[in-house]
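# Residue-level structure breakdown
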Amino acid sequence: MYRLFLILFVSFTLISNVPSSYSMQDSLGFSYFEFSMLRTGITMPEKYISVEPLYHNGFGIGSSSNVKIIDEIEIGPVGKLSINLGRDLLLGFTSGKMTVNSIPVISDTSFKYPADLKSPHEVNHLTGILDLYSLNVNAEYHLPLIGERALIGQFAVTFFNIGGTISYMKGGVFKDKFFGVVNLLPFYIQPSVKLKLKGATLGVGLLINPYSFLEYRFGPEHFYADEEKGIKSNSAQITKYALQFFLRY
């Protein structure tokens, strides 16, 4: 696991420092490498009688950049404000467990419960986050400091995503089964602040994903009730929160 993480870290660092186009403006010609301390909140179907989300912790890596400047305002000697179209990539992993005090009842008599299932029992969750391509609109303020240094504040709202989140259940009624969501129209809020130095840029930010405008839920047979599966709006079965660290050099 540590070797895999090291390889991914080096790969993303190299990718982040390759200009996407030499003809683009300087502010668009690079990406930031991101490392995230992730937290997912999973809301289980009603049959589990689990009202509160199950919060699990993990980590993620990725990259982010601006792909187009929508508008730009020079504020004299005190900085520059720009409105941008940005993109993000996030690959993450969280894990945790839930305790089930009673065995969920499934009315289908053909359903076979695991032979070793007891009550109460624990269900371990291994969750993977694959946000392969996300688009956001962000406001970015550049405050010049001494020399070539600058302080950069950014506030981004993500509205489109290609990817999703999938969780593996180890134990329980749906032992060794997967469920998850495809985030069609997510709602991510991402405030951040970065310090640009002569040879590197460092930053810290947050990712807050309380719900999605539109998502598709999938899972094994009998996992969801009919009204809980498929395309859902203005909700999120799996929410995401992260403390993010940015690097460019």
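On a predicted model such as this, the values are computed, not experimentally measured, just so you know. (Residues numbered from 1 in each chain as written. Predicted model: local features only at pLDDT ≥ 70, side-chain atom pairs only at ≥ 80, totals over all residues. Heavy atoms only, no water.)

## Concerning the overall build of the chain
To keep things clear, this is the line we draw: Per the convention used, a helix needs a DSSP run of H or I reaching at least four residues, while a strand needs a run of E reaching at least two, with both numbered from the N terminus. Here's how the labels work: a residue is buried when its accessible area is under 20% of the maximum for its type, exposed when over 50%, partly exposed in between, all with a 1.4 Å probe on protein chains only. Any pair of residues with heavy atoms lying within 4.5 Å of one another is described as a contacting pair. Computed by Shrake-Rupley with a 1.4 Å probe, the accessible areas treat only the displayed protein chains as cover when residues are assessed.
Regarding its fold elements, the chain presents one helix and nine strands. In sequence order, the secondary structure elements of the chain are arranged as α-β-β-β-β-β-β-β-β-β. Looking at the chain as a whole, 43% of its 249 residues qualify as buried. Taking the contacts inside the chain whose residues are at least 6 apart along the sequence as the reference set, 69% of them involve residues at least 24 apart. Entry remark: accessible area of the chain is about 13,200 Å², with carbon and sulfur atoms responsible for 65%.

## Quick notes on the nonpolar core
Our working definition: Here, nonpolar core means buried Ala, Val, Leu, Ile, Met, Phe, Trp, Tyr and Cys residues that are tied together by side-chain atoms lying within 4.5 Å of each other.
Met44, Tyr48, Met98, Val173, Phe174, Phe179 and Phe223 are the most contacted members of the largest nonpolar core, which has 17 residues in total. Setting aside residues up to four positions removed in sequence, valine 173 forms contacts with Tyr48, Ile103, Pro104, Ile106, Phe111, Tyr113, Pro114, Leu117 and His121. Counting six residues, the second largest nonpolar core, distinct from the first, contains Leu90, Tyr188, Leu207 and Ala242.

## Quick word on the confidence of the model for the chain
Predicted coordinates in areas of low pLDDT are best not read in detail. This is how it is decided: pLDDT gives the predictor's per-residue confidence on a scale running from 0 to 100.
When pLDDT is averaged along the chain, the result is 86; 86% of the residues meet or exceed 70. Counting interchain partners and residues more than four positions distant, the pLDDT-below-50 stretch residues 7-26 has 23 contacts.

## Observations regarding the packing of aromatic side chains
Heads up, the rule is: Note on aromatic contacts: the rings of Phe and Tyr and the six-membered ring of Trp form a pair at centre separations within 6.5 Å, being stacked when their planes are under 30 degrees apart, edge-to-face when over 60 apart, and tilted otherwise.
Counting across every chain of the model gives ten aromatic pairs. Relative to phenylalanine 246, the ring of tyrosine 32 has its centre 6.3 Å away and its plane inclined at 75°; by these criteria the two rings are edge-to-face. Highlighted residues: tyrosine 32 in strand β1 (residues 32-42) and phenylalanine 246 in strand β9 (residues 238-248), separated in sequence by 214 residues. What makes tyrosine 32 buried here is its relative accessible area of 7%.

## Things to note about the pattern of salt bridges
Counted only if it meets this: Each salt bridge in this description consists of a side-chain nitrogen of Lys or Arg and a carboxyl oxygen of Asp or Glu lying within 4 Å of one another.
Tallied over the entire structure, the rule returns five salt bridges. Salt-bridge contacts for glutamate 72 lead to lysine 80; the nearest nitrogen and oxygen are separated by 3.5 Å. Of the charged contacts, one joins glutamate 215 and arginine 217 as a salt bridge, the two residues approaching to 2.9 Å between their closest N and O atoms. Here glutamate 215 and arginine 217 have matching classes, each one buried.

## Digging into the layout of surface pockets
Applicable threshold: The distinction between a cavity and a pocket rests on a 1 Å grid over the protein atoms alone: a 1.4 Å probe fits inside a cavity but cannot get out, while a pocket stays open yet meets protein on both sides within 12 Å along at least five of seven lines, and a residue with an atom within 4 Å of a point counts as lining. Grid points are joined across faces, edges and corners, and a volume is the space filled by probe spheres set on the points. When residues are grouped by polarity, Ala, Val, Leu, Ile, Met, Phe, Trp, Tyr, Cys and Pro land in nonpolar, Asp, Glu, Lys and Arg in charged, and all others, Gly among them, in polar.
One number sums up the size of the largest pocket: a volume of about 520 Å³. Together, 38 residues line the largest pocket, and Phe30, Tyr32, Glu140, His142 and Ile152 are the ones closest to its centre. Contributions of two or more residues to the lining of the largest pocket are made by β1, β2 (54-74), β3 (80-100), β4 (121-144), β5 (150-170), β6 (177-196), β7 (201-218) and β9. If one sorts the elements of the lining of the largest pocket by residue count, β4 sits on top with six residues. Taken together, the residues of the lining of the largest pocket sort by class into eleven nonpolar, 16 polar and eleven charged.

## Some thoughts on empty space enclosed by the protein
Any empty space left between the atoms is revealed when a probe the size of a water molecule rolls over them. By the definition in use, this model includes two cavities of 30 Å³ or more. Reported here for the largest cavity is a volume of approximately 80 Å³. Lining the largest cavity are Glu34, Asp88, Leu89, Leu90, Asp131, Ser134, Thr158, Tyr188, Gln190, Leu207 and Gln244. When the residues that make up the lining of the largest cavity are grouped by side-chain class, the tally is four nonpolar, four polar and three charged.

## Observations regarding the environment of proline 45
By secondary structure assignment, the location of proline 45 is in the loop between β1 and β2. Sequence-distant contacts of proline 45, defined by excluding residues within four places in its chain, comprise Phe223, Tyr224, Glu228 and Gln237.

## Describing the pairing of β7
Quick note on the threshold: For two strands to be treated as a pair, DSSP must find no fewer than two bridges joining them.
Bridging between β6 and β7 involves 13 bridges; their strand directions are antiparallel. Paired with valine 181 across the bridge in β7 is arginine 217. Where β6 folds back onto β7 in an antiparallel hairpin, the turn is made up of four residues. Two elements, β7 and β9, share nine bridges in a ladder whose sense is antiparallel. Bridged to threonine 201 within β9 is arginine 248.

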